[in-house]
Every structure is written in structure tokens, then in C-alpha cells.
Amino acid sequence: MRLSARRRWLLPCRQSRLKTCRPALYLQVGAFSSNQAAEALRQRVQGVVGGTVWVSPVQVDTRTLHRVRVGPLSSQDEARRMIETLRVANLGTPTLVTVN
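We now turn to the structure provided with this report. Fair warning: this is a prediction, and the values are worked out from it, not measured in the lab.

A word on helix H2 (residues 35-49)
- The first and last C-alpha atoms of H2 sit 21 Å apart over 15 residues, in line with the 21 Å expected at 1.5 Å per residue.
- Taken together, the buried positions of H2 are occupied by Ala 38, Leu 41, Arg 42, Val 45 and Val 49. Within H2, the buried residues cover an arc of 110° as seen down the axis, which keeps them to one side. Exposed side of H2, more than 90 degrees from the buried face: Gln 36, Gln 43 and Gly 47 are the residues found there.
- Buried residues along H2 sit against strand S1 (24-32), strand S2 (53-60), strand S3 (63-73) and helix H3 (76-88).
- Looking one or two places after H2, you find Gly 50, whose phi comes out positive at around 70°.

Quick look at the structure:
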């Protein structure tokens, strides 16, 4: 599969063939013990940003948290704009996270 130079750097570093890579940028909008609550927020966020929004389950100790994330984002500037968009839409203050 051939990826454009722009898309290649969005891959996590372990999947990239580039000698140097940037970590993928995402916004975490929330984390819930209930998958239903996470899906409800995912749908609200999707309606505002129109980009890729998904629920990512993660095991923490003996419980599962359902993280709502947006991305990957192309830059810190895009992340700042997206944070402001979500804040204005009263969807909280997302946290910028990276994935290597």
C-alpha cells in the first residue's frame, strides 16, 4: 500500500518506514465506564467535527474504560483549532494525546 507523504507521518512510528517519524496526534474527549455513554458522546462529537471519531476500550486494573478520541490530526495547530471547536460546542476540553 502506497501512502502520500502527508498520510505516512500519521502512522504510528512502529508502522512507518520513515527513518524519523512523528507520533500520531489525537484528542481524547472523554473516558467512560459505560460503552453507551461513550457512544453517545462519540455521536455528538462526530456531528460537530465531521472527522474520524471513535471509541477505544482500554483495560485499567479490573475495569474497562471506553475512551472517545478524535484523529489522527495533522498538526498541533489543527489540534488547537479542534479543541476550541469542541469547547465552543460545550463538549468539554479535550486532551491532546500521542501514540507512538
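Here we look at the pattern of salt bridges
- The tally for this structure, following the rule as stated, stands at three salt bridges.
- Between Arg 42 and Glu 39 there is a salt bridge; the shortest N-O distance is 2.8 Å. Highlighted residues: Arg 42 and Glu 39, both in helix H2, separated by three residues, approximately one helical turn.
- When the shortest N-O distance is used, the salt bridge between Arg 80 and Asp 77 registers 2.6 Å. Residue Arg 80 and its partner Asp 77 are located together in helix H3, separated by three residues, close to a single helical turn.

Comments concerning the side chain of Ser 56
- In this fold, Ser 56 is placed in strand S2.
- Those residues in contact with Ser 56, other than ones at most four positions away along the chain, are Leu 65, His 66 and Arg 67.

Rules used in this analysis
Residues numbered from 1 in each chain as written. Predicted model: local features only at pLDDT ≥ 70, side-chain atom pairs only at ≥ 80, totals over all residues. Heavy atoms only, no water. Helix = DSSP H or I, 4+ residues; strand = E, 2+ residues; numbered from the N terminus. Expected span 1.5 Å × (residues − 1). Buried < 20%, exposed > 50% of the residue type's maximum accessible area, 1.4 Å probe, protein only. Arc of directions from axis to C-beta. Contact = heavy atoms within 4.5 Å. Salt bridge = Lys/Arg side-chain N within 4 Å of Asp/Glu carboxyl O.

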